[in-house]
Amino acid sequence: MDFNGIITQTLTQAIGVSAVIYCLAAVGLNVHFGYTGLLNFGQAGFLAVAAYGLAVSVSRMGLSLWVGVLVGILAAILLALLLGVPTLRLRADYLAIVTIAAAEIIRLIVRSVTFREYFGGSDGITRFADEFYALNPFSSPLDLGVIKFSQNDLWVVTVGWTLIALTSLMIWSLMRSPWGRVLKGIREDEDAVRSLGKNVYSYKMQALVLGGVIGALGGFMAAIAFQSVQPDTYSTEFTFFVYTMLILGGAARIFGPILGAAIFWALLVFVGEFLNEAVNKGVITFLSNTQVGQIRFMLVGLGLMSLMIFRPQGILGDRKELALDAR
Amino acid sequence: MPADAPATTRRDAAVAALAEVAHEPGAPKPDAIVVADGIVRRFGGLTAVDVAHIEIQRGAITALIGPNGAGKTTFFNLLTGFDQPNEGQWSLNARSLKGVPPHKVARRGMVRTFQLTKALSKMTVLDNMRLGVSGQGGEKFWRALFPFAWKSEERRNTERAQELLARFKLDAKQQDFAGEMSGGQRKLLEMARALMVEPEMVMLDEPMAGVNPALTQSLLGHIKDLREQGMTVLFVEHDMDMVRDISDWVIVMAQGQVIAEGPPDSVMSDQRVIDAYLGAHHDQALTDTGEAFTDDAPSPAAPEESA
Ligand SMILES: Nc1ncnc2c1ncn2[C@@H]1O[C@H](COP(=O)(O)OP(=O)(O)OP(=O)(O)O)[C@@H](O)[C@H]1O
Ligand SMILES: [Mg+2]
């Protein structure tokens, strides 16, 4: 078996394009779920409006990529307001229901035949990010032995990790400020915070917008990295992956979503590569390559169950803090 | 002791101001900070609160007592905007509070605590306290991004929090998570945190519940201190000895209505109050003794039975 290939692929993917996208989505979700306690089950929707905002602006309206980014951010803010205005005054579960539905609605609209001329139906839109690659300072691919990136991927990954660093730094500084203190208070008990004269609704809205915009950055990276937007990338499954990553890494921790996304994605890749290689080389005979895809999700599920049992606070979480909840 | 001199004057002032007030439900006060009229709150068939008229004297400690389920907590929720009545008007400092959301009520100077303590367990005691400060620049998103824009304000707030914590004997715990404290300590913290808002009026829902006797004494001292600082206190309490000890005025609720008012001693010997506590309201006894009460409550037991 080609262990070298498996390891290279796994390590490269752990910090690669997909990990970057999941990371940004998870960093945003951490603001919602981790710090504020907002049950946003539509994070995929924020990435979708951003990605499509960018793609449509460039390829349908002939605008520059940077204007497209602006459009995408505005779309994410608008989505946050649209979701937040009716639900943030209500109990937490309403946001969950509305966000999960809204993300699906967005996906179904962009993949619909009716709007095909704008969004490209189920094929999506392709080739709109040349402007991004024109700025690529790297003139050759990266090959460190165990980590390999093409010239373009290297540029995407560099920008992606820079964004992750900047947003994480921003959240770190926000969460140490009185603003972050209000959010943490809201996560625990809204009424207590209200009784102290804070406008809980406004803070929840700010958190929803902030986390949504960070998610939108993930949407841009997804659109740019593959030079394509496709509706089914932004399915509910995506959001659940992001939740899994966040909880795996440790919610309400700065490095929680980053570590969680990298590890989860690497694991997924590793199991897939390993099983496929084993099947191809005849080491495993009772499986076919098509079954491997399902098996790897079963294994991931098993792993997550053990995580919940043995380390429910995630890798970076604080057990003591979790236990305080129970009182 | 010289320290006692102002203490007694504030108390005497409150007692003197209330001396002329009639001992009857809804009695007008010489200087009312809160006035409520016709407050009705129904839960399905149950009328939890039905207060025709009530006034709370400024600068005094008023106790709100009544048997379990009398509607005291519900009335607190209504006054502070945490719940909305089906009918009624009420005001703080002559400005209507109808429809005002709870956080704005707090900003106008009326801050409450909760019967079931709401200490924020995963935050440190000090952070709980600092959260109480109103109008912090650092609580605004853009300013929060730049520590230099709020660091000095934060330092001042921390100092004030520490002073207050010391008064409540919680200063040794300031770096602990609030969730690590005992129930009684959390009550103290919640009260201290409410004071960080610098309210004009504090509303305490059973501040002594679950607090040990030694701590109770210091809590009573703190509440008396509030009056000395010119604050108005309205509190709910079941322990009659404490009510007698600290309150200048007592309002009694039973089945959602105010059934008696007066200074502690006179209220506690009132037959209607004794009956309400002993559950005599299922007979005629309550309506027989109360003149004012007979008119607006023909059958207080009826709604409860239908619920
Ligand atoms: N959210 C609610 N839904 C339905 N009924 C309620 C609700 N809140 C209170 N009630 C009812 O209203 C009545 C008054 O309750 P409330 O909590 O105000 O009593 P209380 O005077 O504070 O009693 P205690 O001294 O036990 O705290 C009770 O009969 C209670 O069952
Ligand atoms: Mg109560």
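Residues numbered from 1 in each chain as written. Chains lettered and ligands numbered in written order. Predicted model: local features only at pLDDT ≥ 70, side-chain atom pairs only at ≥ 80, totals over all residues. Heavy atoms only, no water.

### Some points on the domain arrangement of chain B
All names here are of chain B.
Stage number 1. Along its sequence, chain B is organised into domain 1 (7–119 + 199–278) and domain 2 (122–180).
Stage number 2. Each partner contributes to the interface: domain 1 provides four residues, whereas domain 2 provides four residues.
Stage number 3. Buried surface at the junction of domain 1 and domain 2, both sides included, amounts to about 400 Å², of which 55% is carbon and sulfur.
Stage number 4. Scanning the region where domain 1 abuts domain 2 turns up one salt bridge.
Stage number 5. Between Asp 225 and Arg 167 there is a salt bridge; the shortest N-O distance is 4.0 Å.
Stage number 6. One can count one residue pair in polar contact (both at pLDDT 80 or more) joining domain 1 with domain 2.
Stage number 7. Class assignment of the residues belonging to the side of domain 1 that touches domain 2 gives a composition of one nonpolar, two polar and one charged. (Domains from an automatic or database assignment. Contact = heavy atoms within 4.5 Å. Buried area = accessible area lost by both parts, 1.4 Å probe. Salt bridge = Lys/Arg side-chain N within 4 Å of Asp/Glu carboxyl O. Polar contact = N/O pair within 3.5 Å; in protein donor to acceptor, adjacent residues only side chain to side chain. Nonpolar A, V, L, I, M, F, W, Y, C, P; charged D, E, K, R; others polar.)

### Quick look at the coordination of the magnesium ion (ligand 2)
All names here are of chain B.
Stage number 1. For the magnesium ion (ligand 2), the full set of protein donor atoms is Thr 73 (OG1) and Gln 115 (OE1), and the range of their distances to it is 1.9 to 2.1 Å. Taken together, the residues Thr 73 in helix 2 (residues 72–79) and Gln 115 in the loop between strand 6 (110–112) and helix 4 (125–131) connect sequence positions 42 residues apart.
Stage number 2. Note on Thr 73: relative accessible area 26%, which makes it partly exposed.
Stage number 3. Under the relative-accessibility criterion, Gln 115 is labelled partly exposed at 35%. (Donors = N, O, S within 2.8 Å, 3.2 Å for Na, K, Ca; no water. Helix = DSSP H or I, 4+ residues; strand = E, 2+ residues; numbered from the N terminus. Buried < 20%, exposed > 50% of the residue type's maximum accessible area, 1.4 Å probe, protein only.)

### Describing the sheet that holds strand 2 (residues 46–57) of chain B
Residues and elements named next belong to chain B.
Stage number 1. If you walk across this open sheet you meet the four strands as 2-1-4-5, and the pairing is antiparallel. Lying at the two open borders of the sheet, with one neighbouring strand each, are strand 2 and strand 5 (95–96).
Stage number 2. Bridge count for strand 1 (residues 32–43) against strand 2 is 10 bridges, and the pairing is antiparallel. Among the inter-strand pairings, Arg 42 is bridged to a residue of strand 2, identified as Thr 47. (Pairing = 2+ DSSP bridges.)

### Points about the pattern of salt bridges
Residues and elements named next belong to chain B.
Stage number 1. Inspection of the entire model under this criterion finds 29 salt bridges over all chains.
Stage number 2. Asp 31 is paired through a salt bridge with Arg 58; the nearest N and O atoms lie 3.2 Å apart. Note that Asp 31 is positioned in the loop between helix 1 (4–19) and strand 1 and Arg 58 in the loop between strand 2 and strand 3 (61–65), a separation of 27 residues in sequence.
Stage number 3. The partly exposed category is assigned to Asp 31, whose relative accessible area is 33%.

### Points about the sheet that holds strand 6 of chain B
Residue and element names in this part refer to chain B.
Stage number 1. In space, the six strands of this open sheet follow the order 6-7-8-3-9-10, with mixed pairing throughout. Two strands bound the open sheet, and with one partner strand each, they are strand 6 and strand 10 (257–262). Pairs of neighbouring strands in the sheet enclose a mean axial angle of 20°, with direction left out of account.
Stage number 2. Across three bridges, strand 6 lies against strand 7 (residues 201–205) in parallel orientation. Paired with Val 111 across the bridge in strand 7 is Val 202.
Stage number 3. The strands that helix 8 (residues 213–228) touches are strand 3, strand 7 and strand 8 (232–236); relative to strand 3, the one it contacts most, it runs at about 130°. (Axes fitted to C-alpha atoms, helices over the stretch in contact; angles between N-to-C directions.)

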